[in-house]
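Descriptive structure summary
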Amino acid sequence: MSANGISHDEYNGGDTMERIKTRFAANVDVARVLPEYPRPQLVREGWMNLNGLYDYAVTPHGAQQPERFEGQILVPFCIESSLSGVERALKPDELLWYRRTFELSEAFYGKKVILHFGAVDWQCKVWVNGKLVGTHTGGYCPFSFEITGYINAHNNELTVCVYDPTDEGWQQRGKQVLKTHGFWYTATSGIWQTVWLEAVDRCYIREVKAVPDIDRGLFTLNTKLYCDEGYQLKLRVFDEGKEIIAREISTSEEIELPDAKLWSPESPFLYDLQLELSTQGELRDTVRSYVGMRKCSIGRDEKGLPRLLLNNKPYFQRGLLDQGYWCESLLTPPTDEAMVYDIEVAKRLGFNMLRKHIKVEPARWYYHCDRLGMLVWQDMISGGAYIGDWTAGVLPNIGIKVKDDDYKRFSRGEKQAREDYRRELFEMIDALEVFPSIYCWVPFNEGWGQFDAKEIGEAVKKRDPSRIVDHASGWYDQGGGELNSMHKYILPVRLPKLDDRPFALTEFGGYSRIIDGHVWDRQKCFGYRMFANEEKLTKAYRRLLEKQILPLIPKGLSATIYTQVSDVENEVNGMMTYDRAIVKLDEDTVRALNEKMAY
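Reading the values: rules and limits
Throughout, a residue's number is its position along its own chain's written sequence, starting from 1. The predicted origin of the model limits local features to residues at a pLDDT of at least 70 and limits the giving and counting of side-chain atom pairs to 80 or more, whereas totals for whole chains, interfaces and linings rest on all residues. With hydrogens and water excluded, all non-hydrogen atoms of the structure serve as input to the side-chain values. The distinction between a cavity and a pocket rests on a 1 Å grid over the protein atoms alone: a 1.4 Å probe fits inside a cavity but cannot get out, while a pocket stays open yet meets protein on both sides within 12 Å along at least five of seven lines, and a residue with an atom within 4 Å of a point counts as lining. Grid points are joined across faces, edges and corners, and a volume is the space filled by probe spheres set on the points. Under the convention adopted here, Pro, Cys and the residues Ala, Val, Leu, Ile, Met, Phe, Trp and Tyr are nonpolar, Asp, Glu, Lys and Arg are charged, and Gly plus all remaining residues are polar. Secondary structure follows DSSP: runs of H or I at least 4 residues long count as helices, runs of E at least 2 residues long count as strands, and numbering of each begins at the N terminus. Each residue gets one of three labels from its accessible area relative to the maximum for its type: buried under 20%, exposed over 50%, partly exposed in between, using a 1.4 Å probe on protein chains only. The arc in question is formed by the directions pointing from the helix axis toward the C-beta atoms. Residue contacts are counted whenever heavy atoms from the two residues lie within 4.5 Å of one another. Between N or O atoms, a polar contact is any pair within 3.5 Å; within protein, one atom must be a potential hydrogen donor and the other a potential acceptor, and residues adjacent in sequence are included only when both atoms are from side chains. Criterion used throughout: strands pair if DSSP finds at least two bridges between them. An expected span of 1.5 Å times one less than the residue number is assigned to each helix. Axis definition: a line fit to C-alpha positions, over the contact stretch in the case of helices; interaxial angles, taken between N-to-C directions, run 0 to 180 degrees. Surface patches are defined over residues having more than 30% relative accessible area and no salt bridge, joining like charges when they lie within 9 Å and nonpolar side chains (Val, Leu, Ile, Met, Phe, Trp, Tyr) when within 5 Å. Residue-level accessible areas treat just the shown protein chains as cover; the underlying method is Shrake-Rupley with a 1.4 Å probe. Within this document, salt bridges are pairs made up of a side-chain nitrogen of Lys or Arg and a carboxyl oxygen of Asp or Glu, the two lying within 4 Å of each other. Confidence of the prediction at every residue is given by pLDDT, a number between 0 and 100.

1. Brief notes about empty space enclosed by the protein
Under the defined criterion, the tally for this structure stands at 4 cavities of 30 Å³ or more. Considered as a void within the structure, the largest cavity measures approximately 60 Å³ in volume. Looking at the largest cavity, the residues that line it are Tyr140, Arg173, Gly174, Lys175, Gln176, Gln323, Tyr325, Leu331, His357, Ile358 and Lys359. For the lining of the largest cavity, the residue count by class is 4 nonpolar, 4 polar and 3 charged. Counted as a void, the second largest cavity has a volume near 40 Å³. For the second largest cavity, the full set of lining residues is Asp322, Gly324, Trp326, Met339, Asp342, Lys356, Glu361 and Trp365. Split into classes, the residues belonging to the lining of the second largest cavity amount to 3 nonpolar, 1 polar and 4 charged.

Pasting the structure below:
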């Protein structure tokens, strides 16, 4: 039940066909939707969750704020999802409006107030008490506005207007389309991550980023403050609750950790941090964070082959493609428990890496990878129109390479689209680089919206030299980046001509199985190769790994990414069904094969 007595069944106005759901959907509490603190790398006490029921309306594009709203929508679930209670498409010539009231608690009295959005797809305007407080463009990254001068002591009104043309626009949109088919999925429009308020002092800590250096036995702590007066900044470091460091620091400080405990998927140790900001002897702000001591690099093995290293040692990364879609809520995980479940199943099956595919997750997902021990390869969101089957499918498989400065061929003819891609790419890196689990950045995938990949890969490496860059995953390698990155479906996997870069099979497999009662639409199921039951699918998976994959590891293969964690809508090639109810292969076999995939 919600705070105003409306049950989920009462506000659910969707009229589309009945869909499967995960068990986590039943755990969504309308009065406490995703109630966990949304920013685990910078935690403070004074905050307020604004998820929940909002009034909503859909108007023609260009319309003014409506006087009457159509019903209620459950934020942060997108309007297209069943958990939103609406389940309708937002058309490219429409605007989506949200409205709710809120009352500040005593913790906010006398404080600055910051309004945060985890993500809103795509362009939005935000009003507080009828006054415009800001705008934002970009569907996948967090943003915020200081609203201190706009709020009242008691009742306040928040209004948000969203425009999202989905695949009729040039923006970064991932696999979202207005008409689903194959591996193109239902759009996610509007607010789709947590909305929240934060109370801060006139002087406060804006940002904390720890960069580990295990070779020197230290980490560099970079802190940004909002403070225009003299201050003192104190750091406390904890090892499993025991304080090991307590001292004043500057905003950029090297913190020595002799004999540091290293972070890895097998031992995901995190040091807890606490920072205290004071002015004139008075405590103004206290935040908590953490750091994982690990190193991502490339080196040679004992045979002289280039390898991916973790903590200065060759480390074979066996991963799964992870698109992060959910039956009932699309791009938004329904609960915190749901995020944890996917990661834990992957670990249980023996995988040590997830490639977050063309999506940015809520910050808590990366936090769970940090604490549970799961490496992450993070894709940038693809954008622009699909480049076509000839360029996307035929040319790469007959060995024809194309230079990616032909912008029109790659559907990047609009200069504005290329500039926006660069802006949002580095906005994503800025938001996510705090998470030690992230090992590799992936700017482009399979040529889709690709342009100037070599130069962009170099810019990413300059921006974050602590991680690996796969500049063009899959097909149109421009000879840059740090990986020889191959995708292979259906056709046999063979060792490519090696260069000085480690060889990674960054997508493969995609073996499929339909399980009645656990698919999105029985009539539209799609997969690369279909198998009738667990036994046949497991046998084929074992044969693929034993005949094609395992023999390549001693010859230079450094990482594999099997497609994929779960089915997604009509695509049925997951390790799990879309509703996460069934693991479709024999778990013991998968785990045993993963144990063999090591140096």
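2. A closer look at the layout of surface pockets
Taking a probe equal in size to a water molecule and rolling it over the atoms shows the remaining empty space. By volume, the largest pocket is sized at about 1200 Å³. Lining of the largest pocket is provided by 46 residues; of these, Arg39, His116, Pro142, Phe143 and Ala431 occupy positions nearest its centre. Looking at the lining of the largest pocket, the elements that each hand over two or more residues are strand S5 (112-117), strand S9 (143-146), strand S14 (195-200), strand S15 (204-213), strand S16 (218-226), helix H2 (336-348), helix H3 (363-372) and helix H5 (415-432). Looking at which element gives the most residues to the lining of the largest pocket, the answer is S15, with 6 residues. Residues that form the lining of the largest pocket fall into these classes: 25 nonpolar, 7 polar and 14 charged.

3. So, helix H8 (residues 587-596)
Residues of H8 that are buried include every one of Thr589, Val590, Leu593 and Asn594, and no others. With its buried residues spanning 130° around the axis, H8 presents them on a single face. Summarising the geometry of H8, the exposed residues directed more than 90 degrees from the buried face are Asp588 and Glu595. For H8, the secondary structure elements touched by its buried residues are strand S25 (317-322) and helix H7 (534-549).

4. Quick word on unusual backbone geometry
Between Val75 and the following residue, Pro76, the backbone shows a cis peptide bond with an omega angle of 15°. Among the secondary structure elements, Pro76 is positioned in the loop between strand S3 (71-75) and strand S4 (94-103). Here the residue pair Thr563 and Gln564 is connected by a cis peptide bond, since its omega of 10° sits within 30 degrees of zero. Note on placement: Gln564 falls in the loop between strand S34 (557-563) and H8. With a phi angle near 55°, Glu87 is a residue other than glycine that sits in the positive phi range. The class of Glu87 is buried, set by a relative accessible area of 16%. A positive phi angle, close to 55°, is found at Thr166, a residue other than glycine. Within the secondary structure, Thr166 is located in the loop between strand S10 (155-163) and strand S11 (176-177).

5. Description of the side chain of Thr279
Note on placement: Thr279 falls in strand S20 (residues 271-279). Polar contacts involving the side chain of Thr279 include one to the side chain of Arg284, which spans 2.8 Å. For Thr279, the contacting residues outside a window of four places in its chain are Arg202, Cys203, Cys227, Glu229, Gly230, Tyr231, Gln232 and Arg284.

6. With respect to the pairing of S20
Remember that side chains alternate between the two faces of the sheet whenever the strand is regular. In terms of residue burial, S20 counts as a mostly covered element, since 8 of its 9 residues are buried. Counted between consecutive antiparallel strands, the loop separating S20 from strand S21 (residues 282-291) contains 2 residues, among which Gln280 sits at a positive phi close to 50°.

7. Quick word on H2
Spacing of three or four residues puts side chains on the same side of an α-helix, whose turn is 3.6 residues. Compared with an ideal rise of 1.5 Å per residue, which puts 13 residues at 18 Å, H2 spans 19 Å between its outermost C-alpha atoms and is within 8% of the ideal. Three or more residues of H2 are buried, namely Asp336, Ala338, Met339, Val340, Tyr341, Asp342, Ile343, Val345 and Ala346. If you follow the buried residues of H2, they end up packed against S25, strand S26 (353-356) and H3. Phi turns positive one or two residues past the end of H2, at Gly350, with a value near 100°.

8. Let's talk about the sheet that holds strand S24 (residues 313-314)
Read from one edge of the open sheet, 3 strands run S22-S23-S24, paired in antiparallel fashion. Of all strands in the sheet, those with a lone pairing partner are strand S22 (296-300) and S24, marking the two edges.

9. Comments concerning the sheet that holds S14
Across the sheet, 4 strands lie side by side as S1-S14-S5-S9; this open sheet has antiparallel pairing. Each edge of the sheet is formed by a strand with only one pairing partner; in this case those strands are strand S1 (47-49) and S9. Along the sheet, successive strands turn relative to each other by an average axial angle of 20°, direction set aside. Sheet topology places S1 next to S14; 3 bridges connect them, and they run antiparallel. From the neighbouring strand, Asn49 faces S14, where its bridge partner is Trp196.

10. Observations regarding the side chain of Lys112
Note that Lys112 resides in strand S5. With sequence-adjacent residues up to four places away left out, Lys112 is seen in contact with Glu146, Thr148, Glu198, Ala199, Val200, Asp201, Arg202, Tyr204 and Tyr226.

11. Topic: a nonpolar patch on the surface
Side chains of Trp390, Val394, Ile398 and Ile400 sit close together on the surface and give an oily, nonpolar patch of about 390 Å² of accessible area. Along the polypeptide, Ile398 turns up in the loop between helix H4 (389-397) and H5.

12. A closer look at the environment of Ala363
Tracing the backbone shows Ala363 in helix H3. Taking the C-alpha atoms as reference points, Ala363 and Tyr37, separated by 326 residues in sequence, lie 9.8 Å from one another. Those residues in contact with Ala363 that sit more than four places away from it in its chain are Pro38, Pro40 and Phe435.

13. Some remarks on the confidence of the model for the chain
Parts of the model with low pLDDT should not have their predicted coordinates read in detail. In this model, the chain carries a mean pLDDT of 94, and residues with pLDDT of at least 70 account for 97%. In this model, residues 1-16 is a region of pLDDT below 50 whose contacts with residues beyond four sequence positions or in other chains number 34 contacts.

14. Here we look at the environment of Ser473
On the secondary structure map, Ser473 appears in the loop between strand S29 (468-469) and strand S30 (484-488). Sequence separation between Ser473 and Asn445 is 28 residues; the distance between their C-alpha atoms is 4.8 Å. In this structure Ser473 touches Arg355, Val442, Phe444, Asn445, Glu446, Ser485, His487 and Thr506, once residues within four positions along its chain are discounted.

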